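# Chains, contacts and geometry: an overview
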Amino acid sequence: MSLVRVNTAFLHNFMATHEVTALQEQVTSIHQMLHSTDAPDFTGWVDYPNTLNTESLHRIQYVAQEMRNNSDIVVVVGIGGSYLGARAVIDTLKPQLFQKDNNAPEILYAGLNISSTYMVELLNYLEGKRVSIIVISKSGTTTEPALAFRFLKNFMDKSFSPDDVKKRIVAITDEKQGALRKLADKQGYQTFIIPDDIGGRFSAFTPVGLLPMAIAGIDIHKLTQGLTKAHKHLNNHNIEQNEAYHYAVLRLILNRKGRDVENYVSSEPNLYYLTEWCKQLFAESEGKDNKGILPIAMTFSTDLHSLGQYVQDGKNIMFETFINTGKPTADIPVPTLDGDIDGLNYLVGKTVNEVNQTVMHATALAHVEGNVPVISLEMDNLDEESLAYLMYMFMKTTAMAGYLNGVDPFNQPGVEIYKTNVFKLLGKPGY
């Protein structure tokens, strides 16, 4: 049984069934390639759910519990896929706005920018607290996380004894090579391995993401159950039976009709980093050779009062993907107001979530009327299993979408250009 459904009810005016089925032969060929023994490089994530055994999960949980017991703050150092997957899951399932798990340390992030203000404020905030670090990098030389870790390592060396530092720093990196691997071996840090055949934006359910998630108190066994379900259910070449491929095909057809922007829409603020993860996953995978869909994200109804006008009446360059997460974590009925001064007593008897869902449905109808296609991805619940299923589905969609559009979804040559320019301008030896 699928934990995510693709609702095409809002697409009838924008495409015909035959446009979808016409792509079946191409989809079948790509599916067979992704699952073959000669699959392209960096497709290790496809069958990775089958390799997540009890022993590897037990070690992740053991280290996570040690860090929970001994830390007030855990700083996750990484950029792009090295932190976005973990943050997407943590912020979605463990929102920190009004409540805190008293058994879990505060999780902060570094290495995602080069802001001097951010670094100074972070170091000041860490003073006097029990701090642990997770540093994530295959190479150990990516500028942003490497620079952040240099400051944080210096802080740790000054704040704790050498033996304590060894227990408080965990490196997630290449198995055999790279600057971070050499440093971790020399300093005696605990380490986890980033698989060679899994790129950063596909690494959310490797130790890269699972360790921070476990520290936050998320049940990683339930996450892996969702992954296993997704791996089994989405190992099917049939477009109508595979939600990932169906979604990929719908996106391609809309893109070929001039829809170059995809707006990921949610109605829950705690999904912000899930949509940030989607933006990296799709942009870095598809945006090549003057091709690809530009992913953006909005939270409704907040952004209806700032960007909604453009979506409704602006240029017809966009389609939307609504992420409908089903039953909310919490709900509350609308109270009665004496005198009905605000005119909202007609909502009494409804819950806030009912109002929210009605606003989402009304908005979808309005946007379709405004010539904006809407795809709706629907779940019954937003829990560990469903979220892991959805994220694996997005990864499978990305792979299929890239190949359907004639690009390699697993490289990022454009990113390397800015890095080279940075090295030249900063005077790095050899550039």
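Residues numbered from 1 in each chain as written. Predicted model: local features only at pLDDT ≥ 70, side-chain atom pairs only at ≥ 80, totals over all residues. Heavy atoms only, no water.

## So, the pattern of salt bridges
In the structure shown here, the tally under the stated rule is 12 salt bridges. The shortest N-O distance in the salt bridge between D72 and R130 comes to 3.2 Å. Linking D72 in the loop between α3 (54-70) and β2 (73-77) with R130 in the loop between α5 (116-126) and β4 (131-136), this pair joins segments that are 58 residues apart in sequence. Between E286 and R251 there is a salt bridge, with the nearest N and O atoms lying 2.8 Å from each other. Placement of E286 in helix α12 (residues 272-286) and of R251 in helix α11 (residues 243-256) is noted, with a sequence separation of 35 residues between them. Residues E286 and R251 agree in their burial class; the two are buried. Within the structure, one salt-bridge network assembled from shared partners comprises R251, E262 and E286. (Salt bridge = Lys/Arg side-chain N within 4 Å of Asp/Glu carboxyl O. Helix = DSSP H or I, 4+ residues; strand = E, 2+ residues; numbered from the N terminus. Buried < 20%, exposed > 50% of the residue type's maximum accessible area, 1.4 Å probe, protein only.)

## Section: a nonpolar patch on the surface
Together, I114, L147 and F151 make up an exposed nonpolar region whose accessible area comes to about 270 Å². Looking at the secondary structure, you find F151 in helix α6 (residues 143-159). Taking relative accessible area as the criterion, F151 reaches 40% and is therefore assigned partly exposed. (Patch = residues over 30% accessible without salt bridge, like charges linked within 9 Å, V, L, I, M, F, W, Y side chains within 5 Å. Areas by Shrake-Rupley, 256 points an atom, 1.4 Å probe, with all protein chains shown as cover.)

## A few points about α12
Compared with an ideal rise of 1.5 Å per residue, which puts 15 residues at 21 Å, α12 spans 21 Å between its outermost C-alpha atoms and is within 8% of the ideal. Most of α12 sits out of view: 11 of its 15 residues are buried. (Expected span 1.5 Å × (residues − 1).)

## Re helix α8 (residues 179-187)
Buried within α8 are the following residues: L180, R181 and A184. Take α8 and look down its axis: the buried residues cluster within an arc of 100°, on one side only. More than 90 degrees from the buried face of α8, the exposed residues found are K182 and K186. In this fold, the buried residues of α8 make contact with β4, β5 (169-173) and β6 (190-193). Remark: G188 follows α8 within two positions and exhibits a positive phi of approximately 80°. (Arc of directions from axis to C-beta. Contact = heavy atoms within 4.5 Å.)

## Let's talk about the environment of K350
Looking at the secondary structure, you find K350 in the loop between β9 (318-324) and α14 (352-369). In this structure K350 comes out as partly exposed when scored by relative accessible area, which is 37%. With 114 residues separating them along the chain, K350 and N236 place their C-alpha atoms 41 Å apart.

## Topic: a negative patch on the surface
Together, D41, E175, D196, D197 and D408 make up a negatively charged patch on the protein surface. Locating E175 in the fold gives a position in the loop between β5 and α8. On the basis of relative accessible area, E175 is assigned to the partly exposed category, the value being 45%. (Lys, Arg positive; Asp, Glu negative; His and termini not counted. Charge placed at Lys NZ, Arg CZ, Asp CG, Glu CD.)

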